[in-house]
Amino acid sequence: MTTETADRSHRKVLEGWVVSDKMDKTRVIEIRWSKRDPNYEKIRSLTTKVYAHDEKNESHSGDQVRVMQTRPMSAKKRWRITEILNKAAAKAAS
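Residues numbered from 1 in each chain as written. Predicted model: local features only at pLDDT ≥ 70, side-chain atom pairs only at ≥ 80, totals over all residues. Heavy atoms only, no water.

A. Broad picture of the sheet that holds strand 3 (residues 43–53). Pairing is mixed around the closed barrel formed by five strands, whose spatial order is 1-2-3-5-4. Shown here is a sheet whose adjacent strand axes are inclined to one another by a mean of 50 degrees, direction ignored. Direction of pairing for strand 4 (residues 64–69) relative to strand 5 (residues 77–86): antiparallel, over a ladder of six bridges. What sits directly across from glutamine 69, in strand 5, is tryptophan 79. (Pairing = 2+ DSSP bridges. Helix = DSSP H or I, 4+ residues; strand = E, 2+ residues; numbered from the N terminus. Axes fitted to C-alpha atoms, helices over the stretch in contact; angles between N-to-C directions.)

B. Region of interest: the pairing of strand 5. In terms of strand pairing, strand 3 meets strand 5 through three bridges, oriented parallel. Among the inter-strand pairings, histidine 53 is bridged to a residue of strand 5, identified as arginine 80.

C. Looking closely at the nonpolar core. In terms of nonpolar packing, the biggest core is built from nine residues, these being Val18, Ile29, Ile31, Val50, Ala52, Val65, Val67, Trp79 and Ile81. Elements with a minimum of two residues in this core: strand 2 (26–36), strand 3, strand 4 and strand 5. (Core = buried A, V, L, I, M, F, W, Y, C linked by side-chain atoms within 4.5 Å. Buried < 20%, exposed > 50% of the residue type's maximum accessible area, 1.4 Å probe, protein only.)

D. Up close: the packing of aromatic side chains. Inspection of the entire model under this criterion finds zero aromatic pairs. Between the NZ or CZ atom of arginine 32 and the centre of the ring of tryptophan 17, over which it lies, the distance is 4.5 Å. (Phe/Tyr/Trp six-rings, centres within 6.5 Å; stacked < 30°, edge-to-face > 60°. Lys NZ or Arg CZ within 6 Å of the ring centre and 35° of its normal.)

E. A look at the pairing of strand 1 (residues 13–23). As paired elements, strand 1 and strand 4 share five bridges and run antiparallel to each other. The residue of strand 4 that forms the bridge with leucine 14 is valine 67. The pairing of strand 1 with strand 2 spans four bridges and is antiparallel. Its bridge partner being in strand 2, serine 20 is matched across the sheet by valine 28. Counted between consecutive antiparallel strands, the loop separating strand 1 from strand 2 contains two residues, among which lysine 25 sits at a positive phi close to 65 degrees.

This is the structure we're talking about:
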């Protein structure tokens, strides 16, 4: 294993859903996670939205994707889409 591959293995990898595909080569990904509340001991569901780079514009709204942390690509973009896990159902033509 080279040093470059070893460095990349420490990057964060998350899974989420595409909520917006209106920008060119950029997708908004919603990541859902849960956390136990320290006072009430209930499990809270939280969401985080991140901007991710999609070089070939392959993902669309509703797709489940895997994203990896990367170098800053713009003011808000710090992630890139590595894999499309599940495609969303095709929209019915009206």
